[in-house]
Amino acid sequence: CSVPGCTKAYTQLHNLKSHERTGHTPVIKLKPFHCIIEGCAKAFSQRKSLALHIKTAHADFKFKPFKCSQGGCQKSYTQLHNLRTHEKT
């Protein structure tokens, strides 16, 4: 860990990054994961916390960013490969 006085060490980089974001109260905690729902200003230090927030606070929201470009088709998908399969049919 790069925080002065901290002796924590990790074998995996993602564990170190998570510790640096969440493990030091006097240091400003980074919150790089922002809620994508319009009007919601929440941000989180971990992706899993953001996912839980969206599931609980915005339970009716269905995030489907991959939208069909065919005229008149309103289908959208959570994963790109599902859209590609739809486009082939």
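Residues numbered from 1 in each chain as written. Predicted model: local features only at pLDDT ≥ 70, side-chain atom pairs only at ≥ 80, totals over all residues. Heavy atoms only, no water.

Caption draft 1: Structural context of the overall build of the protein. Counting its regular elements, the protein contains three helices and four strands. Ordered by position from the N terminus, the helices and strands of the protein form the series α-β-β-α-β-β-α. A compact globule built from 89 residues would reach a C-alpha radius of gyration of about 12 Å, whereas the protein, at 19 Å, exceeds it by more than 25%. When its C-alpha atoms are laid out on the principal axes, the protein stretches across 60 × 30 × 15 Å. Within the protein, buried positions represent 26% of all 89 residues. Once local pairs closer than 6 in sequence are excluded, the contacts in the protein between residues at least 24 apart make up 10%. (Helix = DSSP H or I, 4+ residues; strand = E, 2+ residues; numbered from the N terminus. Rg over C-alpha atoms; globule rule 2.2 N^0.38 Å. Buried < 20%, exposed > 50% of the residue type's maximum accessible area, 1.4 Å probe, protein only. Contact = heavy atoms within 4.5 Å.)

Caption draft 2: Broad picture of a nonpolar patch on the surface. Taken together, I36, F61 and F63 make up a surface patch of nonpolar side chains, about 280 Å² in accessible area. Relative to the helices and strands, F63 resides in the loop between helix 2 (47-57) and strand 3 (66-67). Overall, F63 belongs to the partly exposed group, its relative accessible area being 47%. (Patch = residues over 30% accessible without salt bridge, like charges linked within 9 Å, V, L, I, M, F, W, Y side chains within 5 Å. Areas by Shrake-Rupley, 256 points an atom, 1.4 Å probe, with all protein chains shown as cover. Salt bridge = Lys/Arg side-chain N within 4 Å of Asp/Glu carboxyl O.)

Caption draft 3: Structural context of the side chain of Q46. Along the chain, Q46 turns up in the loop between strand 2 (43-44) and helix 2. Given a relative accessible area of 19%, Q46 falls into the buried group.

Caption draft 4: Highlighting the state of the cysteines. Taken as a whole and assessed by the stated rule, the structure comprises zero disulfides. Between C68, a cysteine without a disulfide, and C73, which holds the nearest cysteine sulfur, the sulfur-to-sulfur distance is 3.7 Å. (Disulfide = S-S within 2.5 Å.)

Caption draft 5: Spotlight on the nonpolar core. The biggest cluster of nonpolar side chains holds seven residues, and these are F33, C35, I37, C40, F44, L50 and I54. Not counting residues up to four positions away in its chain, the partners in contact with C35 are C40, K42, L50, H53, I54 and H58. (Core = buried A, V, L, I, M, F, W, Y, C linked by side-chain atoms within 4.5 Å.)

Caption draft 6: Layout of helix 2. Residues L50, H53 and I54 constitute the buried set of helix 2. Looking down the long axis of helix 2, one finds its buried residues gathered within 95° of arc, a one-sided arrangement. In helix 2, the exposed residues that point more than 90 degrees away from the buried face are K48, L52, K55 and T56. The inward-facing, buried residues of helix 2 contact strand 1 (33-34) and strand 2. (Arc of directions from axis to C-beta.)

Caption draft 7: Here's a closer look at the environment of S69. Among the secondary structure elements, S69 is positioned in the loop between strand 3 and strand 4 (76-77). The exposure class of S69 is exposed, given its relative accessible area of 65%. Separated by 14 residues in the primary sequence, S69 and L83 have C-alpha atoms spaced 9.9 Å apart.

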